[in-house]
Structures are given as structure tokens and as C-alpha cells.
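# Close look at the chain arrangement
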Amino acid sequence: MSRFLNKKYEALEAYVPGEQPRGMEYIKLNTNESPYPPPPAVLDAVSREELEKLRLYSDPECAELKQALADSYGLERKNVFVSNGSDDILNFAFMAFGADGAVFPDVTYGFYKVFCALHGIPFAPIPLTEQFEIDPQDYFGAQRMIAIANPNAPTGIALPLAQIERIVQENAEHVVLIDEAYVDFGAQSAVGLIKKYDNLLVVHTYSKSRSMAGARLGFAFGAAGLIEDLERIKFSTNPYSVNRMTRAAGTAALCGSAAAYYREKCALIAKTRDELRERLLALGMEVLPSLANFVFARCAAVDGETVYQQLKQRGILVRHFSTPRIRDYNRITIGTPAQCDALVLAMQEIMKEKQQ
Ligand code: PMP
């Protein structure tokens, strides 16, 4: 830390992203990326012609991309916001709507509390139930902005749409942000509710179901007023936060052939997930019922940190969090069926070695 840093950031604990290893080749099941590449339409969109246009700024309004997103989801362009990854959007949303404070589950996406710390927003974590579920009633009349990841991360457990709607109804004076980063793997989306409620903001990403984590593209849907608020903050930060290549790739990812490709890959990932869960349960592990592209699993005989280390020694990276409530668990991204086979084999070995 230099002596020049603004005092208000001295105690700020930055978010720690999952490892992106260099050198050794790992089976990488630690940051919920897709194991499948983007479809041909996306690869073709980042053409030489597009690269030659890099001398020009990208369209700060992202009109074409927004229109394509609006068309895909049956909405209007004024209901769509895009920026550099959904983290960027979450950041803007906490800045814009967190004046009265924020609430979110005690076990959820670790960035929410970092955004609160960054912007001096008081936040109150609401404990999940014993089963790691959200009890909607805990969020009724919260008197603050609410952030809920649905499915939740790192548990993978989803709330049904009717319960999300109740939370939105019971907090009409504050924004309810539903982070649907993982919704395409089987949960119910709240996008259809944005026409009905002016306090609902639904945030999505291209990073998971659209195989584009490295492109950095997130989008959000909400009433026109909410979108204008986010634009105000974006245009006060970096109007060009979506670069030309990402804009081209992101628009192409919405065409018919790409959409069909993604539907197929999401279904395959969901099937692989359900099979992996069954296999880990058969080994005697506890695995939460996930609707995301990862599972959250615990092994009674071996602690979470050891499982993480032993998998790493065997060339498999998963995500371990040292927070007390979840330190027995590891979050395992769903890879290809072959990668999941390797994981099951490694877990078998680790558990067997423990018995000896
Ligand atoms: N929300 C949740 C729940 C996540 O797990 C992630 C991925 N780390 C994000 C948002 C951010 O995704 P991105 O910035 O890549 O769009």
C-alpha cells in the first residue's frame, strides 16, 4: 500500500478470483467456465474486418447488441443494459441502488460484500437455512436493496419463480437484484417479471452458458428507469466498457444457430451435472441439489481443504472457500463427461487412501 491511497480504501479486502493457472495443465473445474468453445457463428464474428476497425471506438450505446438481446428475450431496447461482465453491472447496481444498505444471504457470491465495502454500503447477511436454502420470508420488508443469486452460488440451489416474485412484491420501495449468472442450466428466470415490477433488476452473463468468460460481457433487464440509472453510472465511469470484438461476438451469440448450440450444450452440462451428483452421492459424499453448472460437495471423512489440495496434486482444480460455514465443501464446475470421470476417479482414490 502506498502512502497516497485514499484512507477509505485502506481496509478494503478485494475479491479473490479463482486461480487461472499458468504452466501446468489442469482439469480446470474451479471458475464455472464452460468446457465447450463458443459456436462457429461467434468465432466468425470476430473477423479480420472487425479487427481492422479497432482504431475506432466501440458504440457506447451498444444499440445493435441491446436490440438483439431485447429481441431474444421479447423485450424492448430501453429495458436492456450491457457492460463489461456482470461484475461490472453488479458494481453499478450497488452504487446506484444501495443508498439504504443491502441484504443478501450469508452464503452467496463473495463479490456482493466487496461492492458494499467499496461503496460504504452497510450490509446485513441473512443466514441460509440448515439445508442451505433461502427462506423468502426473511427478505420481506427488508427496507434495503436485496441481492439474490438464483441459482445461488456456491450452493447451486435455486428458488422457484413464485418465491422470487413474492420477494419483489414485498419490497416495492427497494430494488431487488436477481443475479441469474447460472439460470440457463435449469432454473426459472425472472426476466418475464420485469414488465410488471419497476423494482426488479435481472442480471445475466455471457461467461457461463454462452462460453464467453474471457470476452467480459454481462447484461441486465429492468424497467426503463432502472436501466437509465445504470447508464448514468456507466457513462460516468467508462462509456466504452464493451469493446468492438466483444460486441460483435455477443451479438452473433444470439443468432438462431448459436442459440441452438447453447441450448444443446446447456442440456448436456445439466445432464453431466446430474450424473456427477449421483456418482458422488454413491461414493458417500454429500452433494447439494444444484441447478447450476457446478455442484457443492462435501466428504465426511476428508476435510474440504484437503480434498482441494489432493485434487490439485492429481491435476484437478476445484474451488475451496475457507469461510467457516462452508469450509468443508468444494465447488466443482461441471466439465466434459471425461473430465467428470477423472474427478470421480480422483475422489475415489482420495477417500480410499483415507480409509487405509
Ligand atoms: N454472479 C455470480 C453469482 C457469479 O458466480 C459470477 C462469476 N464469478 C458473476 C456474477 C460474474 O460473472 P462475470 O463478471 O464473468 O459476468
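Residues numbered from 1 in each chain as written. Predicted model: local features only at pLDDT ≥ 70, side-chain atom pairs only at ≥ 80, totals over all residues. Heavy atoms only, no water.

On the surface, a nonpolar cluster with roughly 220 Å² of combined accessible area is contributed by Val46, Leu51 and Leu54. Secondary-structure assignment places Leu51 in helix α2 (residues 48-52). (Patch = residues over 30% accessible without salt bridge, like charges linked within 9 Å, V, L, I, M, F, W, Y side chains within 5 Å. Areas by Shrake-Rupley, 256 points an atom, 1.4 Å probe, with all protein chains shown as cover. Salt bridge = Lys/Arg side-chain N within 4 Å of Asp/Glu carboxyl O. Helix = DSSP H or I, 4+ residues; strand = E, 2+ residues; numbered from the N terminus.)

The next thing to look at is the packing of aromatic side chains. Applying the stated criterion to the full structure yields 20 aromatic pairs. Their ring planes at 70° and their centres at 5.7 Å tell us that Tyr15 and Tyr109 sit as a pair that is edge-to-face. Separated by 94 residues along the polypeptide, Tyr15 in the segment before β1 (27-28) and Tyr109 in the loop between β3 (102-105) and α5 (111-119) bring together distant segments of the chain. Taking the centre distance of 4.8 Å and the plane angle of 50° together, the rings of Tyr73 and Phe221 count as tilted. Of this pair, Tyr73 sits in helix α3 (residues 63-73) while Phe221 is found in strand β8 (residues 218-222), placing the two residues 148 residues apart along the sequence. Look at Tyr73 and you get partly exposed, because its relative accessible area is 23%. One aromatic cluster in this structure is built from Tyr15, Phe94, Phe104, Tyr109, Phe111, Tyr112, Phe115 and Phe123. For the cation-ring pair, Lys234 lies above Phe81, with the distance from its terminal atom to the ring centre recorded as 5.6 Å. (Phe/Tyr/Trp six-rings, centres within 6.5 Å; stacked < 30°, edge-to-face > 60°. Buried < 20%, exposed > 50% of the residue type's maximum accessible area, 1.4 Å probe, protein only. Lys NZ or Arg CZ within 6 Å of the ring centre and 35° of its normal.)

Looking at the ligand, the residues that line it are Gly85, Ser86, Asp87, Leu90, Tyr109, Asp179, Ala181, Tyr182, Thr205, Ser207, Lys208 and Arg216. For the ligand, a nitrogen atom lies 3.2 Å from a polar atom in the side chain of Tyr109. Tyr182 places a side-chain nitrogen or oxygen 2.6 Å from an oxygen atom of the ligand. Protein chains shield 91% of the accessible area of the ligand, which is 400 Å² for the free molecule. With three residues, helix α4 (residues 86-97) is the single largest residue contributor to the shell around the ligand. (Near = heavy atom within 4 Å. Polar contact = N/O pair within 3.5 Å; in protein donor to acceptor, adjacent residues only side chain to side chain.)

With that settled, consider the environment of Asn79. Mapped onto the secondary structure, Asn79 falls in the loop between α3 and β2 (80-83). The contacts of Asn79, once residues within four sequence positions are left out, are Ile194, Ala220, Phe221, Gly222, Ala223, Ala224 and Ile227. (Contact = heavy atoms within 4.5 Å.)

Right, let's get into the packing of α4 against helix α7 (residues 224-234). Relative placement of two packed helices is described by the angle separating their axes and the distance separating the axes. Direction vectors running N to C along α4 and α7 enclose 105°, while the axes themselves pass 9 Å from each other. Here α4 is positioned roughly perpendicular relative to α7, judged by the angle of their axes. Residues Phe92, Ala93, Met95, Ala96 and Phe97 of α4 form the contact with α7, whose participating residues are Leu226, Asp229, Leu230, Ile233 and Lys234. The residue inventory of the contact of α4 with α7, partitioned by class, reads eight nonpolar, no polar and two charged. (Axes fitted to C-alpha atoms, helices over the stretch in contact; angles between N-to-C directions. Parallel < 35°, antiparallel > 145°, perpendicular 65-115°, else oblique. Nonpolar A, V, L, I, M, F, W, Y, C, P; charged D, E, K, R; others polar.)

Here the protein chain is partitioned into domain 1 (18-37 + 258-355) and domain 2 (40-252). The centre of domain 1, based on its C-alpha atoms, is set 25 Å off from the matching centre of domain 2. Counting residues at the interface gives 25 residues for domain 1 and 29 residues for domain 2. Considering only the surface of domain 1 that becomes buried against domain 2, Tyr262, Leu291 and Arg325 emerge as the three largest contributors, covering 33% of it. At the junction of domain 1 and domain 2, the tally comes to one salt bridge. The salt bridge partner of Arg325 is Asp106, with a shortest N-O separation of 3.0 Å. At the junction of domain 1 and domain 2, the tally comes to nine residue pairs in polar contact (both at pLDDT 80 or more). (Domains from an automatic or database assignment. Buried area = accessible area lost by both parts, 1.4 Å probe.)

Glancing now at helix α6 (residues 161-169). Taken residue by residue, α6 has Ile164, Glu165, Ile167 and Val168 as its buried positions. What you see down the axis of α6 is that its buried residues fit within an arc of 160°, all on one side. Tucked into the core, α6 has its buried residues touching β5 (145-149), β6 (176-179) and β7 (200-205). (Arc of directions from axis to C-beta.)

For α5, every residue scored as buried is listed here: Phe111, Tyr112, Val114, Phe115 and Cys116. Gly120 sits one or two positions beyond α5 and adopts a positive phi of about 65°.

Below, the discussion takes up the pattern of salt bridges. Tallied over the full model, the rule gives 21 salt bridges. Ionic pairing is found between Arg247 and Glu64, a salt bridge with its closest N-O pair at 3.0 Å. On the criterion of sequence distance, the pair formed by Arg247 in helix α8 (residues 244-252) and Glu64 in helix α3 is long-range, its members being 183 residues apart. Judged by relative accessible area, which is 49%, Glu64 ranks as partly exposed. Each of Glu50, Lys53, Glu64, Arg244 and Arg247 takes part in one network of salt bridges that share partners.

Turning next to the sheet that holds strand β9 (residues 286-287). Read from one edge of the open sheet, three strands run β9-β10-β12, paired in antiparallel fashion. Pairing within the sheet leaves two strands with one partner each, and these edge strands are β9 and β12 (329-333). Inspection of the sheet shows strand β10 (residues 294-298) paired to β12 by five bridges, in the antiparallel sense. Note on β12: the bridge partner recorded for Ala297 is Asn330. Lying over the sheet, helix α9 (residues 256-282) contacts β9, β10 and β12, oriented at roughly 10° with respect to β10. (Pairing = 2+ DSSP bridges.)

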